[in-house]
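This is what each chain is made of:
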Amino acid sequence: MKSESTTPASESLNFIEEIIESDLATGKYSSILTRFPPEPNGYLHIGHSKSICLNFGLAQKYGGKTNLRFDDTNPVTEETEFVEGIIEDVRWLGFEPAQILYASDYFEQLYLWAKELISKGKAYVDFSSPDEIATQKGTPTTPGTANKYRDTSPEENLALFERMRAGEFPDGHCTLRAKIDLASPNMHMRDPYLYRIKHAEHHRTGNKWCIYPMYDWAHGQSDSIEKITHSICTLEFIPHRELYDWCIDTLGIFPSKQYEFARLNLTYTVMSKRKLKQLVEEGHVSGWDDPRMPTIAGIRRRGFTPESIRDFATRIGVAKRDNLIELSLLEFCIREDLNKRALRRFAVLSPLKVVIKNLPEGQTEWMETENNPEDAEAGKRPLAFTRELWIEQDDFMENPPPKYFRLAPGGMVRLKSAFIIRCEEVIKDSVGNLMEVHCTYIPESRSGQDTSGLKVQGVIHWLSASNAQQAEVRLYDRLFKVEDPAAEEDFKSTINPDSLQVITQAYIEPALAEAKAGERFQFTRLGYFCLDPDSTTTNLVFNRTVTLKDSWAKELKK
């Protein structure tokens, strides 16, 4: 796949919108109905969000509706937990389904239609093994060969199919196959499976059924039952479209139509449910909602907003060929969104103590700083300036290089929204480790009222040591070190060992103590963060959503 940069979508229509506008203009449909049909066998990921935004977005644009329909045809892998998680994800993204439906709602009708195919001589019960069927299907360049079951009479096939439903055969003993064309150049048309036997309890129908429809049988007919006008799938379903149309045409039911678009492929990410499941089950991440995971639950926990995901989906557009989207675009979208809405707060992640020698112990100077410079209505908040402060260790250097504008011996720096301070003395322990920095402040340099006449280039953030509160901060980064981990022989070998750094003794300003789970902030000069659900009243936990700038772009240039 080719890596492509993307730009915000123009006003021109994508190819699906062109089809819909033509269908409405010609009167083919008076309104449109789309659907999002996930399998409830895992959690949705960022790739699914593109499909969600597309299906619901098209319906919204053209005054139509969208169903959320669960493709729950495999009782072995499906769970109610996944159903509930998917509904939550769709609603979190800002969409409300017209109806929440299930393929299992249609099991009886699908069964009756299968009997109709059998009666027409268009389906038969096959007792061949999977290996035998694979051999009989031939290859893309050689036609398949019929087996002895293909010419069984409709009457006998109906009786056998009814016995399948009655549970007379064990798992895998036989299947129901469509009788189409063993010489078709499309392998999906060479007598595809319609039903298989699975003696397993279904999350909704219990033990009522022991035969379950295959995707290609359930999908198109479910669309037809619901009268879906535009059934939008990803590109891998192009070869399935001929079978989709054959089933509908043979039954003579509502002619839903399938259209395909390119799925989302994202750099530094894997989208395979199988691979994501490995990451969870082998303990490489803490769970499906680990903030490093590309699941919607994970990115929600990390602090992404639904608005940023919808913006991302709009920017990448709808394509007819696969491409590889830069993760940096997704990060750009969340920065754009949070820059406008996130309240600014001070936090010190790697604390170094600063003692203000000319401020008496017990004295507090109250400063004022803005909550969000992008939002004039966000107001201001007070900050306590006291004798002992915390600054970031990275904001002090004993032997600085040229053009170093932060704090150094003899140098001056402005504390944001406070005073200019001058470094007077460096305090070390007996083995030479840096312990404290002693400074003096310039009383006339109060921010907004500066009459000192001093000019300094550096501005750093800070906290009062007596006023700050302790917190845990989790610095999340990209889970993989390479651009396309799925292309590697062992994708897990490319896991980034620095994808999570836990700081257990960070300091935060008191205003953050009232934060609620999921609430998002910009930690001044450090990045965007949100409060994690793991937080308690005695131990606040903040997750880094994204850095202030794209640090990976800088590393790649090196």
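Anyway, here's the lowdown on the structure attached to this text. (Residues numbered from 1 in each chain as written. Predicted model: local features only at pLDDT ≥ 70, side-chain atom pairs only at ≥ 80, totals over all residues. Heavy atoms only, no water.)

**Description of the overall build of the protein chain**
The helix and strand tally for the protein chain stands at 13 helices and 27 strands. Computed over the C-alpha atoms, the radius of gyration of the protein chain is 31 Å, more than 25% above the 24 Å expected from 2.2 N^0.38 for a compact globule of 558 residues. Over its C-alpha atoms, taken along the principal directions, the protein chain stretches across nearly 100 × 55 × 45 Å. A burial count over the protein chain gives 52% of its 558 residues as buried. Sequence-distant contacts, at least 24 apart, represent 71% of the contacts inside the protein chain between residues at least 6 apart. For the protein chain, the accessible surface area stands at approximately 25300 Å², while carbon and sulfur atoms represent 48% of it. (Helix = DSSP H or I, 4+ residues; strand = E, 2+ residues; numbered from the N terminus. Rg over C-alpha atoms; globule rule 2.2 N^0.38 Å. Buried < 20%, exposed > 50% of the residue type's maximum accessible area, 1.4 Å probe, protein only. Contact = heavy atoms within 4.5 Å. Areas by Shrake-Rupley, 256 points an atom, 1.4 Å probe, with all protein chains shown as cover.)

**Things to note about the nonpolar core**
Counting residues in hydrophobic clusters, the biggest one holds 37 residues, and the most contacted among them are Ile 46, Ile 52, Val 90, Leu 264, Leu 266, Ile 309 and Phe 312. Broken down by secondary-structure element, the contributors of at least two residues to this core are helix H2 (46-61), strand S3 (65-70), helix H3 (80-92), helix H10 (296-302), helix H11 (306-316) and helix H12 (327-341). Sort the elements by how many residues they give to this core and H12 lands first, with six residues. With residues up to four places along the chain from it excluded, the contact list for Leu 264 reads Ile 46, Gly 47, Lys 50, Met 271, Phe 312, Ile 316 and Ile 325. Among the nonpolar cores identified, the runner-up in size contains 35 residues, and Tyr 111, Phe 161, Ile 180 and Trp 209 belong to it. (Core = buried A, V, L, I, M, F, W, Y, C linked by side-chain atoms within 4.5 Å.)

**A closer look at unusual backbone geometry**
Located in the positive-phi region is Asp 191, a residue other than glycine, with phi close to 50°. Residue placement: Asp 191 occurs in the loop between strand S6 (175-178) and strand S7 (193-197). We note that Arg 525 has phi near 70°; this positive angle belongs to a residue other than glycine. Structurally, Arg 525 can be placed in the loop between strand S25 (520-523) and strand S26 (527-531).

**Quick word on the sheet that holds strand S12 (residues 343-345)**
In spatial order, the strands read S12-S25-S26-S27-S23-S24-S13; together these seven strands make up an open sheet with mixed pairing. The open sheet has two edge strands with one neighbour each: S12 and strand S13 (347-348). Across two bridges, S13 lies against strand S24 (residues 500-508) in antiparallel orientation. By the bridge assignment for S24, Ala 347 is matched with Ile 508. (Pairing = 2+ DSSP bridges.)

**Some points on the packing of aromatic side chains**
To describe a pair of aromatic rings, one takes the distance between the centres and the angle between the planes. Counting across every chain of the model gives 22 aromatic pairs. Centre to centre, the rings of Phe 70 and Tyr 102 are 5.2 Å apart; their planes meet at 20°, and the pair counts as stacked. Residue Phe 70 is found in strand S3, and its partner Tyr 102 is found in strand S4 (residues 100-102); the two are separated by 32 residues along the sequence. Side by side, Phe 70 and Tyr 102 carry an identical accessibility label, which is buried. Both rings, one in Phe 521 and one in Phe 542, keep their centres 6.5 Å apart while their planes meet at 75°; by these two values the pair is edge-to-face. Here Phe 521 is found in strand S25, whereas its partner Phe 542 is found in strand S27 (residues 541-546), with 21 residues between them in sequence. For Phe 521, a relative accessible area of 3% puts it in the buried group. On the basis of relative accessible area, Phe 542 is assigned to the buried category, the value being 0%. Following the ring pairs from residue to residue traces out a cluster consisting of Phe 107, Tyr 111, Phe 161, Tyr 195, Trp 209 and Tyr 212. (Phe/Tyr/Trp six-rings, centres within 6.5 Å; stacked < 30°, edge-to-face > 60°.)

**Comments concerning the pairing of S26**
Counting buried positions along S26 gives five out of five residues, so the element sits mostly inside the fold. Residues Gly 527, Phe 529 and Leu 531 line one face of S26 and the alternating positions Tyr 528 and Cys 530 line the opposite face, and both faces are buried. The pairing of S25 with S26 spans four bridges and is classified as antiparallel. By the bridge assignment, Gln 522 is partnered in S26 with Tyr 528.

**Observations concerning the pattern of salt bridges**
Across all of its chains, the model carries 38 salt bridges by this definition. Its salt-bridge partner being Asp 191, residue Arg 150 comes within 2.6 Å of it at the nearest N-O pair. Of this pair, Arg 150 sits in the loop between helix H5 (130-136) and helix H6 (154-165) while Asp 191 sits in the loop between S6 and S7, and the two are 41 residues apart along the sequence. Classification of Arg 150 by relative accessible area gives buried; the value is 13%. Assessed through its relative accessible area of 0%, Asp 191 is described here as buried. In this structure, the salt-bridge partner of Lys 492 is Glu 282, at a minimum N-O distance of 2.8 Å. Remark: Glu 282 occurs in the loop between helix H9 (273-281) and H10 and Lys 492 occurs in the loop between strand S23 (469-476) and S24; sequence separation between them is 210 residues. Residue Glu 282 is classed as partly exposed on the basis of its relative accessible area of 43%. (Salt bridge = Lys/Arg side-chain N within 4 Å of Asp/Glu carboxyl O.)

**Here we look at the state of the cysteines**
Using the criterion set out here, one finds zero disulfides in the structure. Residue Cys 247 stays outside any disulfide, its sulfur separated by 13 Å from that of Cys 233, the closest cysteine. Judged by its relative accessible area of 1%, Cys 247 is buried. No disulfide involves Cys 439; its sulfur sits 4.7 Å from the nearest other cysteine sulfur, which is in Cys 423. (Disulfide = S-S within 2.5 Å.)

**A few points about H6**
Across its twelve residues, H6 extends 16 Å between first and last C-alpha, which sits within 8% of the 16 Å expected from 1.5 Å per residue. All of the buried residues in H6 are Asn 157, Leu 160, Phe 161 and Met 164. Here the buried residues of H6 occupy an arc of 100° about the axis, which is enough to place them on one side. Contacts made by the buried residues of H6 are with helix H4 (107-119), strand S5 (123-126), S6, S7 and strand S8 (211-213). Backbone geometry just after H6 places Gly 167 at a positive phi near 85°. (Expected span 1.5 Å × (residues − 1). Arc of directions from axis to C-beta.)

Shape is all these values report; function is a separate question.
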